[in-house]
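So the chains spell out like this:
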Amino acid sequence: MQDASSSVLPLYDITVAAVSDYYKYFKKELRILPETILFDVFITLFHQDRLCVLGMEFSDLAVFSRMLKVTNKRLELIKCFQALMKHGTGLAKELASGYEIKCNCTLQDNTDIMEKLSVIDVGIRLGSFLSDAGWFAESGKVLQCCKDLCLTLPDEINSWIKTLDCCHKLLHAEVVYSNFNSATLTKKLAEEIISKIKSSSGECICLAGIYTQFSLYSFYMSDYNEAYSWSIKSIRELGPNVCRRMTVEALSQASKACVVKRKFSKAVALVRQAVYLARESFGTNHPKYADTLLDYGFYLLNSDSMKDSVTVYGQALKLKTEIYGQLNLHVAVSHEDLAYALYVHEYSSGRFTAARQHAEDAINLMILLLPKEHLMLASAQRVKALILEEIALDYMSINSESQLKLLYEAENLHKNALRLALAAFGVDNVQTAKHYGNLGRLYQSMKRYEEAEQMHLKAIEIKEKLLGQDDYEVGLSVGHLASLYNYHMNEYRKAESLYFRSINISLKLFSDTYSGLEYDYRGLVHVYDSLEEFDNKEDYLDIIARWKRLREEQELKDTAPLSLPKAPSSLQEIQEMFSEPPV
């Protein structure tokens, strides 16, 4: 039987509810309340679904700035803010515009240093919140204004530190939003400030956070050596006095840098530590925990654990949706990540219904939230194009009209992605090379073999130039060109040589159970059958049989990727992994 007292609300909650019921009569007087109490009143209005009233209050920059000081209830504020955005309040733009006006007035009135610092602190808090909430364009606008105000401060150590803090938040918003031109300028300014700080009177500050953002910038620009180098520097800056959020972010980003450098043993140690710390520090319903799940899914996908990656990406999407609802860029990106993981996982089965749905969900959300020609939208369209191509191949002997329609749609999506990548990164970039390779595979499916060859050769040329001869990305493109020569152009010796090269790269980076080996082995079987070299054909049929047995044994092993009963590693152990000089 339930205790009768358990249904009785505490006096504080009763009071807050009563105040909320009559809020419109006392709202001016209530603004003098302490931030924590006023916050509870606003959250009660939110739970009462009084979004119009709440939207009017939160659109006041002074009021919302006070709410940002209640840091122990940030998750509630994010959910409340997102509900208001979905309600159509335009709150993010109103706050960003309000802050811009505040900065302009501060500059024109020649206010004293203390007033400037107060406005700067508001900007850093507001910009950081908007980024956390998934409104990166508005975050960037706020933090750009904040940065300009910072640059009017006296040229001394405390001003530099304040400006660097602003650059840290601004760089993150710009990079995630693919605003790379501005991000490049912000990074340059931050590096100049760090140089000033280091050459000053010996002031010692933790640079883990800004180094993490430098790594993120380099990662998005596909400069993987730089991303790895900055992550090493970030990890070395960590210590017991560094806040958990900064530590988690440094570990997660370092893991991603290790993944693209194919340093998988380091990557898994870093990301599992990040997941564990996020879970223990923030709980399993927190955005930072969801962020670490996305980075864990990235590791799993790239280390040939596709099934587990789908599990982890799915959990991340579920959590992001619970926090942000549907209408949010964080959710859109999670749909895209899960779509690609499902595409890879189901590649051999041909079951792409779920992958296509998530890709289309990502695209539909981004169309609502992004400018028309935004690079993030092109990324989601690329994933959809890959899926459409595979679905089209299933129509090969069923409905040629449906097949052609899907292939032409995929071509338009790939060409648009390539165009935007060229505009953002230029030719010599891994992302651009990937788009050339995607077009090469598509043209192969469309029986445009000479165009396919040109695209594959272009992709290989760029990747070799940037990544070296034995990189995973090079191996992928080499394998795709081998397939073209083997199945469609009758260039069997060329195909044989390329298959050998692709296999060697795969075995060097992965184990002999790597999933991608099957396609190369089967390709060689076809080569030797076509050349009537039957002994070689039998050898590779035996190799395939052995690969299958090993693969089945591996897949029978129970996996629980999110089972982390204790910290996988200590911070000291993590740092010892990076004792070598950065690249």
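Note that this is a predicted model, so its numbers are computed, not measured. (Residues numbered from 1 in each chain as written. Predicted model: local features only at pLDDT ≥ 70, side-chain atom pairs only at ≥ 80, totals over all residues. Heavy atoms only, no water.)

Chemist: Quick question: what am I supposed to make of the overall build of the chain here?
Modeler: Along its length, the chain carries 28 helices and zero strands. Rg of the C-alpha trace for the chain: 27 Å, near the compact-globule value of 25 Å for 583 residues, within the 12% margin. Reported as C-alpha extents along the three principal axes, the dimensions of the chain are approximately 90 × 65 × 45 Å. Split into buried and exposed, the 583 residues of the chain put 52% on the buried side. Contacts spanning at least 24 positions in sequence make up 68% of the contacts within the chain whose residues lie at least 6 apart. Summed over its atoms, the accessible surface of the chain is roughly 26800 Å², and 52% of this surface lies on carbon and sulfur atoms. Considering the chain, the positive charge centre built from 65 side chains and the negative charge centre built from 76 side chains are found 3 Å apart. (Helix = DSSP H or I, 4+ residues; strand = E, 2+ residues; numbered from the N terminus. Rg over C-alpha atoms; globule rule 2.2 N^0.38 Å. Buried < 20%, exposed > 50% of the residue type's maximum accessible area, 1.4 Å probe, protein only. Contact = heavy atoms within 4.5 Å. Areas by Shrake-Rupley, 256 points an atom, 1.4 Å probe, with all protein chains shown as cover. Lys, Arg positive; Asp, Glu negative; His and termini not counted. Charge placed at Lys NZ, Arg CZ, Asp CG, Glu CD.)

Chemist: Could you clarify how one ought to interpret a nonpolar patch on the surface in this entry?
Modeler: A surface patch of nonpolar side chains, amounting to about 370 Å² of accessible area, comprises Tyr-22, Tyr-25 and Phe-26. Structurally, Phe-26 can be placed in helix α2 (residues 23-30). (Patch = residues over 30% accessible without salt bridge, like charges linked within 9 Å, V, L, I, M, F, W, Y side chains within 5 Å. Salt bridge = Lys/Arg side-chain N within 4 Å of Asp/Glu carboxyl O.)

Chemist: Please clarify how the pattern of salt bridges should be interpreted in this entry.
Modeler: Side chains that differ in sign of charge can pair as their charged atoms come close. Throughout the structure, instances matching the rule amount to 37 salt bridges. Among the charged side chains, a salt-bridge network with shared partners connects Arg-74, Asp-132, Arg-245, Glu-249, Lys-288, Asp-291 and Lys-320.

Chemist: So what exactly am I meant to see when it comes to helix α22 (residues 430-445) here?
Modeler: Residues spaced three or four apart along an α-helix face the same direction, because each turn holds 3.6 residues. Spanning 16 residues, α22 covers 23 Å between terminal C-alpha atoms, matching the ideal 22 Å at 1.5 Å per step. α22 sits mainly inside the fold: 14 of its 16 residues count as buried. Its side-chain oxygen 2.8 Å from the backbone nitrogen of Gln-431, Asn-429 forms the N-cap of α22. The first or second residue beyond α22 is Lys-447, which carries a positive phi of 65 degrees. (Expected span 1.5 Å × (residues − 1). Polar contact = N/O pair within 3.5 Å; in protein donor to acceptor, adjacent residues only side chain to side chain.)

Chemist: Would you mind going over the state of the cysteines with me for this structure?
Modeler: Every disulfide links exactly two cysteines, by a covalent bond between their sulfur atoms. A full pass over the atoms with the stated rule returns zero disulfides. No disulfide involves Cys-167; its sulfur sits 5.8 Å from that of Cys-166, the nearest cysteine. With relative accessibility at 0%, the residue Cys-167 sits in the buried group. The thiol sulfur of Cys-243 is not disulfide-bonded, and the nearest other cysteine sulfur, from Cys-206, lies at 8.1 Å. (Disulfide = S-S within 2.5 Å.)

Chemist: So what exactly am I meant to see when it comes to the UniProt feature "repeat: TPR" (unreviewed entry) in the chain here?
Modeler: Under the feature "repeat: TPR" (unreviewed entry), the UniProt entry names residues 433-466. Helix makes up 91% of residues 433-466 and strand makes up 0%, while its end C-alpha atoms are separated by 10 Å. (UniProt positions renumbered as here; feature names shortened; annotations may be inferred.)

Chemist: Would you mind going over the packing of helix α19 (residues 353-369) against helix α20 (residues 375-393) with me for this structure?
Modeler: To characterise two packed helices, one gives the angle between the axes of the helices and the distance between these axes. Packing of α19 against α20 brings their axes to within 9 Å, and their N-to-C directions diverge by 155 degrees. Comparing their axes, α20 and α19 come out roughly antiparallel. Two packed elements cross with a definite hand, and for α19 against α20 that hand is left-handed. Contacts between α19 and α20 involve Ala-355, Arg-356, Ala-359, Glu-360, Ala-362, Ile-363, Met-366 and Ile-367 on the former and, on the latter, Met-376, Leu-377, Ala-380, Gln-381, Val-383, Lys-384, Ile-387, Leu-388 and Ile-391. When the residues that make up the contact of α19 with α20 are grouped by side-chain class, the tally is 13 nonpolar, one polar and three charged. (Axes fitted to C-alpha atoms, helices over the stretch in contact; angles between N-to-C directions. Parallel < 35°, antiparallel > 145°, perpendicular 65-115°, else oblique. Left-handed = near helix turned anticlockwise from the far one by under 90°. Nonpolar A, V, L, I, M, F, W, Y, C, P; charged D, E, K, R; others polar.)

Chemist: I'm lost on helix α17 (residues 306-324) in this one. Help?
Modeler: Over its 19 residues, α17 extends 26 Å from the first C-alpha to the last, a length consistent with the 27 Å expected when each residue adds 1.5 Å. Taken together, the buried residues of α17 touch α6 (74-86), α8 (113-132), α16 (287-302), α18 (329-345), α19 and α27 (534-556). Phi for Gly-325, located one or two positions after α17, is positive at around 75 degrees.

Chemist: What exactly am I supposed to notice about the confidence of the model for the chain here?
Modeler: Per-residue confidence for the chain gives a mean pLDDT of 92; residues scoring 70 or more make up 96%. This stretch, residues 1-6, has a pLDDT under 50; its non-local contacts, to residues over four places away or in other chains, come to zero contacts. (pLDDT = per-residue confidence, 0-100.)

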